[in-house]
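Observations on chain architecture
Listed below, chain by chain, are the residues.
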Amino acid sequence: MLTELGARYVILGHSERRQNHGETDAVIRQKVKAATAAGLIPIVCIGEHLAERNEGRAASVLAGQIEGSLTRGFRGIVAYEPVWAIGSGITPSHEELQRKLSLIRALLPMRLMTDDIRVPVLYGGSVTSVQTPSLLSIDGLDGVLVGSASLEAQSFLDIIRAATEVPSSSPS
Ligand SMILES: O=C(CO)COP(=O)(O)O
């Protein structure tokens, strides 16, 4: 149905779906399979809650989500969306984001069991045009997943403009 409407991508495992609709990693993995079979590119969201971050459990949460929700030959996109950054106006510091991205980049080939597939990784959570250039300068980050700032045409255009002005970095 989605492909008939011209959709090319589908967002799976958003924290709201995980939290409010009982979407477990196993359910998300099934949806990844179904989306791929239907010709859609899955964008799988992962991210820790604030308490998990503050208790030093972010790494194990992310590892569990990657292991549980991605398929072995996963061909799609991963979006790192810390739950505490979504709609809060708070974004992680560069250092923290860089650390989390390095972790995600290290975990992905273990799950996919190959180094040959480079999975694009996005960041989502309170993205505005103001942080977009600096976010996109972070090594290993391929783009941003925009929520509320996409609801207003001008702010979304500002993000697109800011993104297109960032010099592209070589893949890590
Ligand atoms: O959940 C998000 C995108 O999927 C992020 O939303 P915000 O950009 O409003 O924080």
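By the naming in an unreviewed UniProt entry, the chain is Triosephosphate isomerase, taken from Saccharibacter floricola DSM 15669. Of the chain, the UniProt comment under Sequence similarities (unreviewed entry) reads exactly: "Belongs to the triosephosphate isomerase family." Recorded in UniProt for the chain, the comment headed Subcellular location (unreviewed entry) runs: "Cytoplasm".

In the vicinity of the ligand, the contacting residues are His14, Glu81, Ala85, Ile86, Gly87, Gly125, Ser126, Val127, Leu145, Gly147 and Ser148. One nitrogen or oxygen atom from the main chain of serine 126 is found 2.7 Å from an oxygen atom belonging to the ligand. The site holding the ligand turns out to be the second largest pocket. For the shell around the ligand, the per-class residue count stands at 4 nonpolar, 6 polar and 1 charged.

The next subject is the packing of aromatic side chains. For the coordinates displayed, the defined rule picks out 1 aromatic pair. Look at tyrosine 80 and tyrosine 123: their rings are 6.4 Å apart centre to centre, the planes differ by 55°, and that puts the pair in the tilted class. Placement of the pair is tyrosine 80 in strand 3 (residues 77-80) and tyrosine 123 in strand 4 (residues 121-124), with a sequence separation of 43 residues. One exposure class covers both tyrosine 80 and tyrosine 123, and it is buried. Over the face of the ring belonging to tryptophan 84 we find arginine 53, whose NZ or CZ atom lies 4.3 Å from the ring centre.

Turning our attention to the sheet that holds strand 1 (residues 9-12). Taken in spatial order, the 5 strands of this open sheet run 1-2-3-4-5, and their pairing is parallel. Among the strands making up the open sheet, the edge pair consists of strand 1 and strand 5 (143-145). The sheet shows a mean angle of 30° between the axes of neighbouring strands, direction not considered. The pairing of strand 3 with strand 4 spans 3 bridges and is classified as parallel. If you follow alanine 79 over to strand 4, its bridge partner there is leucine 122. Contacting strand 1 and strand 2 (41-46), helix 2 (residues 25-37) runs over the sheet at an angle of about 175° to strand 1.

If you add up the space inside the second largest pocket, you get close to 190 Å³. What lines the second largest pocket is a set of 13 residues, and nearest its centre among them are Ile86, Ser126, Val146, Gly147 and Ser148. Among the residues forming the lining of the second largest pocket, the class breakdown is 6 nonpolar, 6 polar and 1 charged.

This part takes up the environment of cysteine 45. Residue placement: cysteine 45 occurs in strand 2. For cysteine 45, a relative accessible area of 2% puts it in the buried group. Note: C-alpha distance between cysteine 45 and glutamine 65 (20 residues apart in sequence) is 8.9 Å.

The residue methionine 113 is not glycine, and still its phi comes out positive at about 60°. Its location among the elements puts methionine 113 in the loop between helix 5 (94-112) and strand 4. Positive phi, close to 55°, is recorded for serine 126, a residue that is not glycine.

Attention now moves to the environment of isoleucine 43. Following the sequence through the fold, isoleucine 43 ends up in strand 2. C-alpha of isoleucine 43 to C-alpha of isoleucine 86: the two residues are 43 residues apart in sequence and 16 Å apart in space. Those residues in contact with isoleucine 43, other than ones at most four positions away along the chain, are Tyr9, Val10, Ile11, Leu12, Ile77, Ala79 and Leu122.

Scoring rules and cut-offs
- Residue indices begin from 1 for each chain and proceed along its sequence in written order.
- The predicted nature of this model means local features are confined to residues of pLDDT at least 70 and side-chain atom pairs, given and counted, to a pLDDT of 80 or more, with totals for whole chains, interfaces and linings taken over all residues.
- No hydrogens and no water enter the side-chain calculation; it runs on all heavy atoms of the structure.
- UniProt positions are given in the numbering used here, feature names are shortened, and annotations may be inferred rather than shown by experiment.
- Being near a molecule or strand, for a residue, means having at least one of its heavy atoms within 4 Å of it.
- We define a polar contact as two N or O atoms separated by no more than 3.5 Å, with the added condition that, inside protein, one atom must be a possible hydrogen donor and the other a possible acceptor, whereas residues neighbouring each other in sequence contribute only through side-chain atom pairs.
- A 1.4 Å probe that fits into a set of points on a 1 Å grid over the protein atoms alone but cannot get out defines a cavity; an open set with protein on both sides within 12 Å along at least five of seven lines defines a pocket, and lining residues are those with an atom within 4 Å of a point.
- To be counted as sitting in a cavity or pocket, a molecule needs more than half of its atoms within 2 Å of that site's grid points.
- Polarity classes work like this: nonpolar for Ala, Val, Leu, Ile, Met, Phe, Trp, Tyr, Cys and Pro, charged for Asp, Glu, Lys and Arg, and polar for all others, with Gly in that last group.
- Note on ring pairs: Phe, Tyr and Trp rings are taken, using the six-membered ring of Trp, and paired if centres are within 6.5 Å. Classes follow the plane angle, with under 30 degrees stacked, over 60 edge-to-face and the rest tilted.
- Under the DSSP-based scheme used, a helix requires at least four consecutive residues in state H or I and a strand at least two consecutive residues in state E, with every element numbered from the N terminus.
- When a residue's accessible area, from a 1.4 Å probe over protein chains only, is under 20% of the maximum for its type it is buried; when over 50% it is exposed; and in between it is partly exposed.
- A ring is considered to have a charge above it if a Lys NZ or an Arg CZ atom is located within 6 Å of its centre and within 35 degrees of its normal.
- When DSSP finds two or more bridges between two strands, those strands count as paired.
- Axis geometry follows a simple rule: fit a line to the C-alpha atoms, using only the stretch in contact for helices, then measure angles between N-to-C directions, giving values from 0 to 180 degrees.
- Should any heavy atoms of two residues lie within 4.5 Å, those residues are counted as being in contact.
- Grid points are joined across faces, edges and corners, and a volume is the space filled by probe spheres set on the points.

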